[in-house]
Amino acid sequence: MKKLEGIHFYVNVANFNDVVTDEETRQGKVNHSIHALDTFFSSIESFGKKEFPDTFVVEKITGSRLHMYVLNDIVESYEVVEEVVKFAGDLTKYLNNDIAKYKTLLGFKIQVGACFGSFYNFEFKRENADEETTIGYAANYAAKLQGLSNIDAIAISSNIFDVLEHEKKTIFVKHNSSKVQKYGEDCYYEMPIVKLSGKIDYTESLAKSREYANKINLTDMVFRKPTKSVAFDDLSKKECKEVEGIPLFADIRGFTSQFDNDDTNLEEMTIKTQDILTTMYNQVEQNKGIHVQFQGDREFALFHNYSEYECYLDAVKAGLKMIDAVKVYGVSIGVGQSFGKMFAAKIGARGEKDFLLIGTTVIEADKNEDENAKANQLVISNDIYVALKRINPKWANIFTKADGYYYTTSGYNDLTNLIAQEQLRSNNRNNNYNGAWGECVVEIGI
């Protein structure tokens, strides 16, 4: 575990869900969307590494978002961010206007967030599944600012704004917002990407993005259905999978506010985060799920059907067990799931290192976790509820219907206790208990 300092920033394709939904609705697959996202992120990474080889780092791709950081002092780090983000802004237009194979897609619209601070970089060590990640206030707040940023704009933290030259400061607009108070801030600063100052001529880098896009034809991309559990390491941009199953998102509720913005408790919180994420990961593995990736303090996993196997009970069990398991750390989580068709691949310039799982089903599961699940709740889609009613009605009974989804505040321990109590009552009614057991039942009033 290594402590570092720099600017974390995120470039997010804000309308990627719309891009995917549009193509999936029209064509039934998403090869253009995957291909374009790979070209976009790989070109940004290639540009950053070419121009700033000693300081620019890509951490990972998380869905439609590229997470990067710059290791330098705050002033020089921001100069790198400016150049990379300006290139990304022009690249979105170049993909849509100058690369023929992407002309049928909706044009990418991006948003960016950036924050400076200390953070820890470490690797989760697991057999065949090592994963590098960073944890700290800067990464968390940059992600929040990215979400607050307007389309085709960059939002920065006040500590970055404070060190800018006066001329640059005048271009930014100050936004007072209650949404950043839990980060110890009361405002952030935003400006359109087109107004960023940059000194690098990236004509050659844009041309290279077209060369990269043309290396693999869209017709070379195949989407096979699995006959066994998907292994992401075997996938690529060309070799994809079309799966039917359940994506799971599990996020720690209110956790970011526990990070001090002066980084005084960073080491303590990093160790705690690692323990919690490992606990959630273990529940996925133990219940036949597939870990996709950690996204900050969030677990993203996949459960899917194949051959004679159905994933419903294992996916729900994993979600319920997570709710119980993380309580020992004094935190609560919200879990979201949905069921349907998805597309799995590996993309990215780093040897296609980043796992990608997309489709409208993933969008719905993400919404169930992010918008619908409260603390200690598992939220499932109607399709999962119907499957539970068919396979094991007792499991379905712990869920309550809401507006377009079902939720439960029960963990797995609650579920097993409820089933045990129901069995006791049934035994009591049917006189299917021995004398000693009966005395116990009478004694506790069941």
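So, how was this worked out
Residues numbered from 1 in each chain as written. Predicted model: local features only at pLDDT ≥ 70, side-chain atom pairs only at ≥ 80, totals over all residues. Heavy atoms only, no water. Phe/Tyr/Trp six-rings, centres within 6.5 Å; stacked < 30°, edge-to-face > 60°. Helix = DSSP H or I, 4+ residues; strand = E, 2+ residues; numbered from the N terminus. Buried < 20%, exposed > 50% of the residue type's maximum accessible area, 1.4 Å probe, protein only. Expected span 1.5 Å × (residues − 1). Axes fitted to C-alpha atoms, helices over the stretch in contact; angles between N-to-C directions. Parallel < 35°, antiparallel > 145°, perpendicular 65-115°, else oblique. Left-handed = near helix turned anticlockwise from the far one by under 90°. Contact = heavy atoms within 4.5 Å. Nonpolar A, V, L, I, M, F, W, Y, C, P; charged D, E, K, R; others polar.

Enquirer: I keep staring at the packing of aromatic side chains and nothing clicks. Help me out?
Expert: Each aromatic ring pair is specified by the distance between its two centres and by the angle formed by the two planes. Counted under the stated rule, the structure contains 20 aromatic pairs. Aromatic side chains phenylalanine 40 and phenylalanine 108 sit 5.7 Å apart centroid to centroid with 75° between the ring planes, which places their arrangement in the edge-to-face category. You can see phenylalanine 40 sitting in helix 2 (residues 31–51) and its partner phenylalanine 108 sitting in the loop between helix 3 (74–98) and strand 4 (110–124), a full 68 residues away along the chain. Phenylalanine 108 matches phenylalanine 40 in its accessibility class, with the two residues each being buried. Ring centres of phenylalanine 47 and tyrosine 202 lie 6.0 Å apart, and the angle between their planes is 90°; this geometry places the pair in the edge-to-face category. Of this pair, phenylalanine 47 sits in helix 2 while tyrosine 202 sits in the loop between strand 8 (187–192) and helix 7 (203–213), placing them 155 residues apart in sequence. Residue tyrosine 202 is classed as buried on the basis of its relative accessible area, which comes to 9%. Cluster of aromatic residues (ring-pair linked, three or more members): Phe16, Phe40, Phe41 and Phe108.

Enquirer: Hey, could you run me through helix 8 (residues 266–286) in this one?
Expert: Note: α-helices contain 3.6 residues per turn, so residues at a spacing of three or four share the same orientation. Helix length check: helix 8 (21 residues) gives 30 Å between terminal C-alpha atoms against 30 Å at 1.5 Å per residue, within 8%. One or two residues past the end of helix 8 sits lysine 288, with phi positive at roughly 65°.

Enquirer: Please clarify how the packing of helix 8 against helix 9 (residues 312–325) should be interpreted in this entry.
Expert: To characterise two packed helices, one gives the angle between the axes of the helices and the distance between these axes. With their axes 9 Å apart at the nearest point, helix 8 and helix 9 run at an angle of 150° to one another. The orientation of helix 8 relative to helix 9 falls into the category roughly antiparallel. Relative to helix 9, the crossing made by helix 8 is right-handed. Each of Thr279, Met280, Gln283 and Val284 in helix 8 lies in contact with helix 9, whose residues at this interface are Ala318, Lys321, Met322 and Ala325. Of the residues in the contact of helix 8 with helix 9, the class split is five nonpolar, two polar and one charged.

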